[in-house]
Amino acid sequence: MAADLDVVNLFLIAGGTLVLPILAFLASFLLWPSVLIKVYFWYWRRTLGLQVRYADCGGYRFCYSYRGKPSMRPSILMLHGFSAHKDTWLTVVKFLPKHLHIVCVDMPGHEGTTRTNAEDYSIQGQVRRIHQFVGSVHLSRKPFHLVGTSMGGNVAGVYAACYPSEVCSMTLICPDGIRHPCETKFDNHLQDLEHSNYTLNIPLIPTTPEEMEDMFRLCSHVRFKIPQQILQGLVDVREPHNSFYEEVFMEIFSETSRYALQEHLHLITTPLQVMWGKQDQVVDVSGAEVIAESVPGCQVDLLDNCGHSVAMEKPCRTAKLILEFIISQQNARSGTKKSS
């Protein structure tokens, strides 16, 4: 009987111990979903072995996460898209070998990286800042593999054109900055915005859970079922930064930045891989052909049943394609050295 009571007491104690974290989780989910989202990213960084660091460069601070150390394989620098952050790449990093040296940086003004002025938010301005970051963390001691998606793809392409000796190979994922021959749903939104003199809401800057859901539908072909509380949390996390996002949006779609990648294609000599979702509604997949025609030897990988958010929709496939491309280029360089 005493043993039975001990067991009952044990369950009561265990139950009482579990009640607090469960209640905390429910309170976060229902009352403070934005807190839950931040904890989620912290948990996944920790689980994947990524560490967050800061790099100071003459009063300008970059925030970045990294895993691994420089090795025989080239380091990988990953540039996220508009209004995103370094944790965009967590889904892809999960499927990359742990021995690789991976660096994911917050783009200028985004998340933990310093905000200054519009000059730094143009594509050329972002290229200058990323070059500053590369120097500050000594990433350019050996040529690295550069990955960029959407706005980050535009920046990555221009970076490789301006600093070819620093980049040994490059992957562009649905990059912005191309005059693609076919219009998308987002192009129609842009035309409406221009006609309204930018008085309409920008579809990539949602201010309500409904607009957040619309943005996911626009950016993703895969339909994710996201609870209303999480949608609200995502809105709450982004809302304090919306004026900044508007400033960046106006810069990257200005005359000097909108087609920056297109204008630099003829200068790209780096081995190039282009990855694109066939159902992209933001930047049309026809842009892949435009790039391939301008950059000799460009490898094009088109993904079925995938939209603009390739890293989120096809993370395993994305990681596999990037790794295979890096290895193939490294093998090609080794073969060239042997034959010479």
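The name an unreviewed UniProt entry gives the chain is acylglycerol lipase, with Kryptolebias marmoratus as the organism. If you open the UniProt record of the chain and go to Sequence similarities (unreviewed entry), you find "Belongs to the AB hydrolase superfamily."

This paragraph deals with the side chain of Glu166. Counting through the fold element by element, Glu166 comes out in the loop between helix H5 (151-162) and strand E6 (167-173). Side chain to side chain, Glu166 and His131 meet in a polar contact 2.9 Å long. Excluding residues within four positions of it along the chain, Glu166 makes contact with His131, Val134, Ser140, Pro143, Phe144 and Tyr159.

We now examine the confidence of the model for the chain. When the pLDDT values of the chain are averaged, the result is 89; 89% of them are 70 or greater. For the stretch residues 1-31, pLDDT sits under 50, and the model shows ten contacts to residues farther than four places along the chain or on other chains.

Turning our eyes to something else, we now look at the sheet that holds strand E5 (residues 144-149). Note: strands within a sheet are paired through backbone hydrogen bonds, in either parallel or antiparallel orientation. With mixed pairing, the eight strands of this open sheet are ordered in space as E1-E2-E4-E3-E5-E6-E7-E8. Edge positions in the sheet fall to strand E1 (51-57) and strand E8 (299-303), since each of these pairs with one other strand and no more. The sheet shows a mean angle of 20° between the axes of neighbouring strands, taken without regard to direction. Against the sheet, helix H4 (residues 123-136) contacts E1, strand E2 (60-67), strand E3 (76-79), strand E4 (102-105) and E5, and its axis sits at roughly 60° relative to E2. Packed on one face of the sheet, helix H11 (residues 287-294) meets strand E7 (272-277) and E8 and runs near 170° to E7.

Here the focus is helix H6 (residues 185-195). Among all positions of H6, only Phe186, Asp187, Leu190 and Leu193 are buried. For H6, the arc enclosing every buried residue in end-on projection is 115°, short of the 170-degree limit, so these residues lie on one face. Packed against the buried residues of H6 are helix H7 (209-219) and helix H9 (242-252). Asn197, located one to two residues past H6, shows a positive phi value of around 60°.

Turning next to the pairing of E7. Counting buried residues along E7, six of its six residues qualify, which places the element largely inside the surrounding structure. Along E7, one buried face is formed by Leu272, Val274 and Trp276 and the opposite face, lined by Gln273, Met275 and Gly277, is buried too. Pairing of E6 with E7, which is carried by four bridges, proceeds in the parallel orientation. Paired with Leu172 across the two strands is Val274, which belongs to E7. Inspection of the sheet shows E7 paired to E8 by five bridges, in the parallel sense. Looking at E8, one finds that Trp276 is bridged to Leu302. In the classification by handedness, the crossover that spans E7, the intervening H11 and the parallel E8 is right-handed.

A word on the environment of Phe249. Looking at the secondary structure, you find Phe249 in helix H9. When its relative accessible area of 0% is taken as the criterion, Phe249 is described as buried. With 166 residues separating them in the primary sequence, Phe249 and Ser83 have C-alpha atoms 8.9 Å apart. Beyond its immediate stretch of four places on either side in the chain, Phe249 contacts Phe82, Phe186, Leu190, Leu193, Tyr198 and Ile202.

Parameters and conventions
Residues numbered from 1 in each chain as written. Predicted model: local features only at pLDDT ≥ 70, side-chain atom pairs only at ≥ 80, totals over all residues. Heavy atoms only, no water. UniProt positions renumbered as here; feature names shortened; annotations may be inferred. Helix = DSSP H or I, 4+ residues; strand = E, 2+ residues; numbered from the N terminus. Polar contact = N/O pair within 3.5 Å; in protein donor to acceptor, adjacent residues only side chain to side chain. Contact = heavy atoms within 4.5 Å. pLDDT = per-residue confidence, 0-100. Pairing = 2+ DSSP bridges. Axes fitted to C-alpha atoms, helices over the stretch in contact; angles between N-to-C directions. Buried < 20%, exposed > 50% of the residue type's maximum accessible area, 1.4 Å probe, protein only. Arc of directions from axis to C-beta. Right-handed = clockwise from strand over helix to strand, strands pointing away.

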